[in-house]
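Working through the structure, step by step
Listed below are the residues making up each chain.
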Amino acid sequence: MIATPNLINRVVSGITTWARVNSPWIIHFNSGSCNGCDIEILATLTPYYDIERFGIKLKGSPRHADVLVCTGPVTRQARDRLLRIYEQMPEPKFVVAVGSCGISGGTFAGCYNIVGHIDEVLPVDAYIPGCPPRPEAIIDGVVKLLTHLKNGTRPEPIKPQLGEQA
Amino acid sequence: MNTEARLQRAKEILAPFTKETLTPESNRVDIVIDAADLTQATAALKAADWGYLSAITGLDLGPEAGSLEAIYHFCDAAAVTSLRVRLPREGQPEIASVADQVPVASFYERELSEMLGVIVVGTPDPTHLFLPDDWPEGVFPNRRDFKIEDAAPVERDVPKVPEQGRVGNKFIVPIGPQHPALKEPGHFEFAVDGEIITGARMRLGYVHRGIEKATEQRNWIQNLYLLERICGICSHTHTSAYAQGAEKLAQVEVPMRALAIRELVAGLERIHSHLLWLGVVAHEAGFDTLFMYSWRDRETVMNLLEELTGNRVNYSISVLGGVKQDIGPEQSKSIHKAMDYLEERIRYYLDVVTSDAMFLQRTRGIGTMTRDEAILYGALGPTARASGLERDVRVDAPYGAYGKFPVSLITDERGDLEAKFVVRLKELLVSCFTIRTIVDNLPAGELAVRFPRKVPAGETVSRVEAPRGEAFYFIKSEGGESPTRIKIRTPSLCNWTSVINKAVGHQLADMPMMISGMDPCFSCNDRMVTVRRKDDSQTMTWAQLRAYGIEKYKSR
């Protein structure tokens, strides 16, 4: 068999997908959250829930990350920083919004220092609802994202239906 | 000395400045003074060693009354003395700074000036405290007539870009807001000479959401759920403090069983918070085994909280007038079982942090704060107690069920990082003991009583000991369905002063440990702090930094 450029591309992209699905590295940024979601994200990384069995590792630098996990509504002061972190991540990149505040502004909707929810600032690929979501829910959301990556598709996020805002 | 004697003494000390004396509650005295006398009155209290400055509340009495009020709350055990200074609402309301006497006041003053528009003369740094960089001039969110439309972002004049990241022989190391060592956003700039820190400044406010203002637009019951979300780690502290204040105002007598359950959940919250802290600090020290161990054991208490309340993080156990869930024999059994396991593990951790030679090199003698420094910087909670300062609201001013189920005070004289570990872990053993006592002796009775929709007019101060120190709430009602003003001062804010001041002279590598050592909670304080030092650097705004980055890239 003669290796054609087409075949090489297919093989390379197959290896890339395999690597990406088996070791998605995440970076976490809190853009105005109450910490509730953040400690639950951290809890999923520790032995009890152990999200590392999916190859997921929390990284310190946006340059190493495939997935940006955001929590909280976006405050005016944090907005530029959130955008900057997103810009620094290499392509292809995915954004997961964790918690009610990230999805809709939650209990802080309408406060004077809030720009809005995360998808008003960044394109979001997966929403994980809850205040805060249980670690099981976070694992479920991330694994659903991985399934899409495996199929080579970008997920079409289903935004949770919002109830009436107080 | 009891509370009456303390208040009497405060009245005597302040007699030369007093215009009017009010006694709104049995443990409080409000002294109305002239703005001109403020510094002298503060000096008099300080000279007599009467308590510490706990918070400054800025109050807008509305356009009709035409005046603002700055209230300086001093706390000494259960006694609270408030200096009330009346200022005109129009024109240039001015007040003198007390930051040279009480360093921690500089944060409160900056908050006062930007949130209420009071000009604090002589405060070390009059710039924005925790509002964003693009906030318009002359708009003050805590004024009654503030409208969100007025706060639209504006371009602001910004200081000059410094020559590279270098000032003389010093180099500026920026850390944050996103940084592996910080799980929450905060920004620090350390001026370093080699490895040694010579100056430090920090900027918070990345998670400032404007909760104090939001409470005024929600009713008493909605606020319970809003305030719970100030902080996901000490959520119960905030609901307890708020519920306690609202119940005092509404003159609702909460059943003892409910108070005991609140204390029990507060104990569990302390365990989860301190174990979380232990893990995070161990992680900063590169001791990831301890991080994983302590977080694994923390799940025991998380499961227990879920069993008791239905939630892992925002438990929502308190309602106004009592609690939601009861503790039955089945729950008591699981509590005892969990405590057996946790006590054994906590003893093991206590052994590890005091005997592991590698770990001790990172903690022993690092960031030592003496008792006098702790008093000067206004440290609170375990940070203060690790320096031998006996300051704990649960002991000094027992609230809720703490009179019936007391806790013992844990202190350590050494004041370094190791002492902070020892104090926190010993506190956990105390918490385990208290939890067992409460479960075995739970008073009989109702879980909750009816809470009125409207709360009678009045003002109250509610203080609760959070895992990180004293949380201070000032609540004012005008008889409506919503509070008129809620002022919240969280313990992390006070403790920042000590860390930033102690940073100088330490190695840069020790900073993550020292910052984590006070257990900072950014979402709680969401404020900005700057400590100015000689040969300080300048701060770049985001726009400047971006322009500078592009310029630098092009000129390569």
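Residues numbered from 1 in each chain as written. Chains lettered and ligands numbered in written order. Predicted model: local features only at pLDDT ≥ 70, side-chain atom pairs only at ≥ 80, totals over all residues. Heavy atoms only, no water.

1. Things to note about the overall build of chain A
- Secondary structure assignment for chain A yields five helices and seven strands.
- Each helix and strand of chain A, ordered N terminal to C terminal, gives the series α-β-α-β-β-β-α-β-α-β-β-α.
- The C-alpha atoms of chain A give a radius of gyration of 17 Å, which matches the 15 Å a tight globule of 166 residues would have.
- The dimensions of chain A, computed from C-alpha atoms along their principal axes, are 65 × 35 × 30 Å.
- Residues counted as buried form 51% of the 166 residues belonging to chain A.
- For chain A, contacts bridging at least 24 residues in sequence account for 83% of all contacts bridging at least 6.
- Summed over all atoms, the accessible surface of chain A reaches about 7600 Å², with 55% contributed by carbon and sulfur.
- Separation of charge centres in chain A, based on 16 positive and 15 negative side chains, amounts to 6 Å. (Helix = DSSP H or I, 4+ residues; strand = E, 2+ residues; numbered from the N terminus. Rg over C-alpha atoms; globule rule 2.2 N^0.38 Å. Buried < 20%, exposed > 50% of the residue type's maximum accessible area, 1.4 Å probe, protein only. Contact = heavy atoms within 4.5 Å. Areas by Shrake-Rupley, 256 points an atom, 1.4 Å probe, with all protein chains shown as cover. Lys, Arg positive; Asp, Glu negative; His and termini not counted. Charge placed at Lys NZ, Arg CZ, Asp CG, Glu CD.)

2. Description of the pattern of salt bridges
Residue and element names in this part refer to chain B.
- For the structure on display, the rule yields 43 salt bridges over all chains.
- Residues glutamate 459 and lysine 476 are paired through a salt bridge, measuring 3.9 Å at the closest nitrogen-oxygen approach. Of the two residues, glutamate 459 is situated in strand β14 (residues 458-466) and lysine 476 in strand β15 (residues 469-477); the sequence distance between them amounts to 17 residues. In this pair, the class of glutamate 459 matches that of lysine 476, namely buried. (Salt bridge = Lys/Arg side-chain N within 4 Å of Asp/Glu carboxyl O.)

3. A look at the packing of helix α2 (residues 36-45) of chain A against helix α5 (residues 135-150) of chain A
Residues and elements named next belong to chain A.
- Running from amino to carboxyl end, α2 crosses α5 at an angle of 75 degrees, the nearest separation of the two axes being 9 Å. Taken together, the axes of α2 and α5 lie roughly perpendicular to each other. Residue-level inspection shows Glu40, Ile41 and Thr44 of α2 in contact with α5, the latter providing Pro135, Ile138 and Ile139.
- Each residue belonging to the contact of α2 with α5 can be placed in one class, and the counts come to four nonpolar, one polar and one charged. (Axes fitted to C-alpha atoms, helices over the stretch in contact; angles between N-to-C directions. Parallel < 35°, antiparallel > 145°, perpendicular 65-115°, else oblique. Nonpolar A, V, L, I, M, F, W, Y, C, P; charged D, E, K, R; others polar.)

4. Remarks on the nonpolar core
Residue and element names in this part refer to chain B.
- Ranked by size, the top nonpolar core spans 71 residues in total, and within it Tyr242 and Tyr473 carry the most contacts.
- Setting aside residues up to four positions removed in sequence, tyrosine 473 forms contacts with Leu227, Ile230, His238, Ala241, Tyr242, Thr460, Val461, Ser462, Ile486, Lys487 and Ile488.
- Counting 61 residues, the second largest nonpolar core, distinct from the first, contains Ile197, Leu264, Leu308 and Val323. (Core = buried A, V, L, I, M, F, W, Y, C linked by side-chain atoms within 4.5 Å.)

5. Observations regarding the sheet that holds strand β7 (residues 126-128) of chain A
Residues and elements named next belong to chain A.
- A sheet is described by the order of its strands in space; here five strands give the open sequence β2-β1-β3-β5-β7, paired in parallel fashion. Two strands lie at the open edges of the sheet, namely β2 (57-58) and β7, each paired on one side alone.
- Strand direction decides the pairing type here: strand β5 (residues 94-98) and β7, joined by three bridges, are parallel. Bridge assignment links valine 96 to a residue of β7, and that residue is alanine 126.
- Packing against the sheet, α2 makes contact with β1 (25-30), β2, β3 (67-71) and β5, and its axis sits at approximately 140 degrees to β3. (Pairing = 2+ DSSP bridges.)

6. Observations regarding the interface of chain A and chain B
- Facing the 44 residues of chain A at the interface are 56 residues of chain B.
- Taken together, the two surfaces of chain A and chain B that pack against each other cover about 4000 Å², and 61% of this comes from carbon and sulfur.
- Ranking the residues of chain A by area buried against chain B places Arg76, Gln77 and Tyr112 of chain A at the top, with a combined share of 20%.
- At the junction of chain A with chain B, the criterion picks out three salt bridges.
- Taking the shortest distance from any N to any O, the salt bridge between arginine 76 of chain A and aspartate 134 of chain B comes out at 3.2 Å.
- Counting every contact that joins chain A to chain B gives ten residue pairs in polar contact (both at pLDDT 80 or more).
- Broken down by secondary-structure element, the contributors of at least two residues to the side of chain A that touches chain B are β1, α2 and α3 (79-88) of chain A.
- With seven residues, the top contributor of residues to the side of chain A that touches chain B is α2 of chain A. (Buried area = accessible area lost by both parts, 1.4 Å probe. Polar contact = N/O pair within 3.5 Å; in protein donor to acceptor, adjacent residues only side chain to side chain.)

7. Examining the state of the cysteines
Residues and elements named next belong to chain A.
- On inspection of all chains with the given rule, the structure shows zero disulfides over all chains.
- Note on cysteine 34: no disulfide assigned, nearest cysteine sulfur contributed by cysteine 131 at a separation of 6.2 Å.
- Its relative accessible area of 8% is what places cysteine 34 among the buried residues. (Disulfide = S-S within 2.5 Å.)

8. Some words on the pairing of β15 of chain B
Residue and element names in this part refer to chain B.
- Judged by how many residues are buried, β15 sits mostly within the fold: nine of nine residues are covered.
- Pairing analysis gives nine bridges linking β14 to β15, with the strands arranged antiparallel. Paired with alanine 466 across the strands is glycine 469, a residue of β15.
- Strand direction decides the pairing type here: β15 and strand β16 (residues 485-489), joined by five bridges, are antiparallel. Directly across from phenylalanine 472, in β16, lies its bridge partner arginine 489.

9. What to know about the pairing of strand β10 (residues 187-193) of chain B
All names here are of chain B.
- Most of β10 is tucked away, with six of its seven residues classed as buried.
- The pairing of strand β9 (residues 170-175) with β10 spans five bridges and is classified as antiparallel. Each residue of the ladder has a partner; that of valine 173, found in β10, is phenylalanine 190.

10. Side note on the packing of helix α10 (residues 329-355) of chain B against helix α15 (residues 417-440) of chain B
All names here are of chain B.
- Running from N to C, α10 and α15 point in directions that differ by 165 degrees, and their axes come no closer than 10 Å. When the axis of α10 is compared with that of α15, the two are roughly antiparallel. As for the relative orientation of α10 and α15, their crossing is left-handed in sense.
- For the contact of α10 with α15, the class distribution of residues is 15 nonpolar, three polar and seven charged. (Left-handed = near helix turned anticlockwise from the far one by under 90°.)

11. Section: the sheet that holds strand β3 (residues 52-60) of chain B
Residue and element names in this part refer to chain B.
- Strand order in the open sheet formed by five strands is β1-β2-β5-β4-β3, with mixed pairing between adjacent strands. The open sheet has two edge strands with one neighbour each: β1 (20-22) and β3. Here the average twist between neighbouring strands, direction ignored, is 20 degrees.
- Pairing geometry for strand β2 (residues 28-33) and strand β5 (residues 79-88), over six bridges, is parallel. Bridge pairing in β5 links valine 32 to arginine 84.
- Lying over the sheet, helix α1 (residues 3-14) contacts β1, β2, β4 (67-76) and β5, oriented at roughly 35 degrees with respect to β5.
- Contacts between helix α4 (residues 105-116) and the sheet are confined to β3 and β4, with β3 contributing the most and set at about 5 degrees to the helix.

12. Some thoughts on the confidence of the model for chain B
All names here are of chain B.
- For chain B, per-residue confidence averages 84 on the pLDDT scale, and 90% of positions sit at 70 or higher.
- Overall, residues 526-539 carries pLDDT values under 50, and its contacts beyond four positions in sequence, including any with other chains, amount to 57 contacts.
- Complex prediction metrics read pTM 0.88 and ipTM 0.87. (pLDDT = per-residue confidence, 0-100.)

13. Digging into unusual backbone geometry
- With an omega of -10 degrees, the peptide bond running from glutamate 91 of chain A to proline 92 of chain A counts as cis.
- With respect to the element layout, proline 92 of chain A can be found in the loop between α3 and β5.
- In this structure, proline 132 of chain A follows cysteine 131 of chain A across a cis peptide bond, with omega equal to -15 degrees.
- Note on placement: proline 132 of chain A falls in the loop between β7 and α5.
- The phi angle at glutamine 251 of chain B is positive, at roughly 55 degrees, despite the residue not being glycine.
- Summarising the element assignment, glutamine 251 of chain B is placed in the loop between α7 (235-250) and α8 (256-284).
- Judged by relative accessible area, glutamine 251 of chain B falls into the exposed class, the value being 70%.

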